[in-house]
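# Structural characterization, general
Spelled out, the chains give:
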Amino acid sequence: MPARIIAVANQKGGVGKTTTTINLSAALAERGRRVLILDFDPQANATSGLGLEKTDGQSLYSVLLGEATLESRIKPTSVKRLEIVPSEVNLAGAEVDIPRMDRYLQRLREAIRPLADTDRYDLLVVDCPPSLGILTMNALTAADSILLPIQCEYYALEGLSVMIRLIEQIRNSGANPKLEIEGIVMTMYDQRTNLSQQVVQQVVQHLGEKVFETLIPRSVRVSEAPSYGQPVLTYDRNCTGTAAYRQLAREFLARERERAAPADPVVA
Ligand code: ATP
Ligand code: MG
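Attention in this report is confined to the structure presented alongside it. (Residues numbered from 1 in each chain as written. Chains lettered and ligands numbered in written order. Predicted model: local features only at pLDDT ≥ 70, side-chain atom pairs only at ≥ 80, totals over all residues. Heavy atoms only, no water.)

## Re the site of ligand 1
Around ligand 1, a shell composed of 18 residues is seen, among which Lys17, Thr18, Thr19, Pro217 and Ser219 lie nearest. Residue Gly16 places a main-chain N or O atom 3.0 Å away from an oxygen atom belonging to ligand 1. In this structure, Thr19 approaches ligand 1 through a side-chain N or O atom, which is 2.5 Å from an oxygen atom. For ligand 1, the accessible surface in isolation is 630 Å², of which the surrounding protein chains cover 80%. (Near = heavy atom within 4 Å. Polar contact = N/O pair within 3.5 Å; in protein donor to acceptor, adjacent residues only side chain to side chain. Areas by Shrake-Rupley, 256 points an atom, 1.4 Å probe, with all protein chains shown as cover.)

## Focus: helix 1 (residues 17–30)
Compared with an ideal rise of 1.5 Å per residue, which puts 14 residues at 20 Å, helix 1 spans 20 Å between its outermost C-alpha atoms and is within 8% of the ideal. A large share of helix 1 lies buried, amounting to 12 of its 14 residues. Three or more residues of helix 1 are buried, namely Lys17, Thr18, Thr20, Thr21, Ile22, Asn23, Leu24, Ser25, Ala26, Ala27, Leu28 and Ala29. With its phi angle positive at about 100°, Gly32 sits one or two positions after the end of helix 1. (Helix = DSSP H or I, 4+ residues; strand = E, 2+ residues; numbered from the N terminus. Expected span 1.5 Å × (residues − 1). Buried < 20%, exposed > 50% of the residue type's maximum accessible area, 1.4 Å probe, protein only.)

## Considerations on the packing of aromatic side chains
In the structure shown here, the tally under the stated rule is 2 aromatic pairs. Judged by centre distance (5.2 Å) and plane angle (75°), the ring pair of Tyr154 and Tyr155 falls under edge-to-face. Among the residues examined, Tyr154 registers a relative accessible area of 62% and is labelled exposed. Ring centres 4.9 Å apart and planes at 25° place the aromatic pair Tyr228 and Tyr235 in the stacked group. The exposure class of Tyr228 is exposed, given its relative accessible area of 51%. The ring of Phe212 has Arg255 lying over it, and the distance from NZ or CZ to the ring centre is 4.1 Å. (Phe/Tyr/Trp six-rings, centres within 6.5 Å; stacked < 30°, edge-to-face > 60°. Lys NZ or Arg CZ within 6 Å of the ring centre and 35° of its normal.)

## Focus: the packing of helix 7 (residues 156–172) against helix 8 (residues 194–207)
For the pair helix 7 and helix 8, the least separation of the axes is 10 Å and the interaxial angle reads 25°. Our classification of the angle between helix 7 and helix 8 gives roughly parallel. Relative to helix 8, helix 7 is oriented so that their crossing is right-handed. Each of Ala156, Leu157, Leu160 and Ile164 in helix 7 lies in contact with helix 8, whose residues at this interface are Val199, Gln202, Val203, His206 and Leu207. (Axes fitted to C-alpha atoms, helices over the stretch in contact; angles between N-to-C directions. Parallel < 35°, antiparallel > 145°, perpendicular 65-115°, else oblique. Left-handed = near helix turned anticlockwise from the far one by under 90°. Contact = heavy atoms within 4.5 Å.)

## Quick notes on the environment of Leu108
If you trace the backbone, Leu108 turns up in helix 5 (residues 107–116). Judged by relative accessible area, Leu108 falls into the buried class, the value being 0%. Between the alpha carbons of Leu108 and Gln205 there is a distance of 34 Å; along the sequence they are 97 residues apart. If we ignore the near neighbours within four places in the chain, the residues touching Leu108 are Phe40, Leu64, Val126, Asn138, Ala139 and Ala142.

So, in structure tokens, the structure goes:
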């Protein structure tokens, strides 16, 4: 079975893309899935958040340029079944160099497809930067689906409509006609505030079943874990953040099963 490619994207900064990439991936690995994270952000937060050093030249940059193989960039993490292609600041150069190349939207797709088509991994998860630049566009062109983290705060809906329009443009332009929405993950939910509840309600009104029922609570342990180079799942096995990301993984897998085997058609 080829791996599914999922882009974790939102042009808004600080909404929980990297936190969700690391912790959902770790929770899926815990449940037996073989996951490769592609750190596609020059900030390299997924790289450091998983305890890897940023190393000169060790990013997807040279892979995109066709000067290195994807396989040569893969590194293990402290989590079993979870591997990563790290990032470092040189990846920012891709924003300048790639647009000058042929098939510039397809560079990531063409670089990762051969590996995705083997049975080495179940999932490739791409952590995108907070922009709609060439890196995010390449990720959305390469992906089977987009996972959209949204922070439970007032301006959430504005960013959401930009992303939905972009997804439609990418489908309609032919760059990736099959791009699906994997789901919306509501992050940094604070159950004590009405605002969090209202934002969730509004997003559900717009996107209905696309919104994961699992809400990721605001949790100090979640925000501390990256400085220890660990997913929250291993940093504190019993905190609310760990429970939430495990629940999200269960819901993610349940939806995946549902899509693979739709309910029997009703016979009239
Ligand atoms: P960027 O757009 O810069 O890549 P991002 O969308 O990847 O940001 P994160 O880096 O995952 O967002 O999160 C932004 C900040 O919020 C980080 O400091 C992170 O530790 C914190 N954070 C994320 N999720 C939670 C949570 N559930 N509880 C508490 N803090 C959180
Ligand atoms: Mg990030």
